[in-house]
Amino acid sequence: MLELYQFEECPYCARVRKKMSELCIDFVARNVPRKKEDRKMLMKVSGQNGVPTLVDSDIGAVIADDDDKIIAHLEKHYGGKNG
């Protein structure tokens, strides 16, 4: 299962969501508070509080606070070079 920790207004999160849609990837969006200090669940899951953060339990990967690395991971594992 793929979980994307994000908030709607974040342009980096929007970039990851767009790539996931282009690759037809099902995922669960986990909306986090805008204030970093209120992101307790994200801190528990990933050890940090930046977004976007992808948790890929199928592969056992957590990619934190880096849209470029998340997109590269998605292309490599879920869709090749479709975008």
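Structure first, text after, so check above.
Residues numbered from 1 in each chain as written. Predicted model: local features only at pLDDT ≥ 70, side-chain atom pairs only at ≥ 80, totals over all residues. Heavy atoms only, no water.

Draft legend 1. Quick peek at the sheet that holds strand S2 (residues 28-31). The strand order across the open sheet formed by four strands is S2-S1-S3-S4, and the pairing between neighbours is mixed. Each of the sheet's edge strands pairs with one partner strand only, and the pair in question is S2 and strand S4 (61-64). The sheet shows a mean angle of 15° between the axes of neighbouring strands, direction not considered. Sitting on the sheet, helix H1 (residues 11-22) touches strand S1 (2-6) and strand S3 (53-56), and the angle it makes with S1 is about 155°. In the packing of helix H3 (residues 67-78) onto the sheet, the strands contacted are S1, S3 and S4, and the crossing angle to S3 comes to about 30°. (Pairing = 2+ DSSP bridges. Helix = DSSP H or I, 4+ residues; strand = E, 2+ residues; numbered from the N terminus. Axes fitted to C-alpha atoms, helices over the stretch in contact; angles between N-to-C directions. Contact = heavy atoms within 4.5 Å.)

Draft legend 2. Broad picture of the environment of Met41. Residue position: Met41 is located in helix H2 (residues 40-46). A residue is classified by how much of its surface remains accessible, and Met41, at 53% relative accessible area, is exposed. (Buried < 20%, exposed > 50% of the residue type's maximum accessible area, 1.4 Å probe, protein only.)

Draft legend 3. Fine view of unusual backbone geometry. Geometrically, the link from Val51 to Pro52 is a cis peptide bond, its omega value of 0° lying close to zero. Positionally, Pro52 belongs in the loop between H2 and S3. Phi at Cys24 is positive, roughly 55°, even though this residue is not glycine. Along the chain, the position of Cys24 falls in the loop between H1 and S2. Residue Asp65 is not a glycine yet carries a positive backbone phi of 55°. On the secondary structure map, Asp65 appears in the loop between S4 and H3.

Draft legend 4. Summary view of the pairing of S2. Where S1 meets S2, four bridges bridge the pair, whose relative direction is parallel. By the bridge assignment, Glu3 is partnered in S2 with Val28. Where the polypeptide runs from S1 across H1 and back to S2, its parallel neighbour, the crossover connection is right-handed. (Right-handed = clockwise from strand over helix to strand, strands pointing away.)

Draft legend 5. View of H3. Here H3 is 12 residues long and its end C-alpha atoms lie 16 Å apart, about the 16 Å a rise of 1.5 Å per residue gives. Three or more residues of H3 are buried, namely Asp67, Ile70, Ile71, His73, Leu74 and Glu75. Buried positions along H3 lie against S1, H1, S3 and S4. With a side-chain oxygen lying 3.1 Å from the backbone nitrogen of Asp68, the N-terminal cap of H3 falls on Asp66. (Expected span 1.5 Å × (residues − 1). Polar contact = N/O pair within 3.5 Å; in protein donor to acceptor, adjacent residues only side chain to side chain.)

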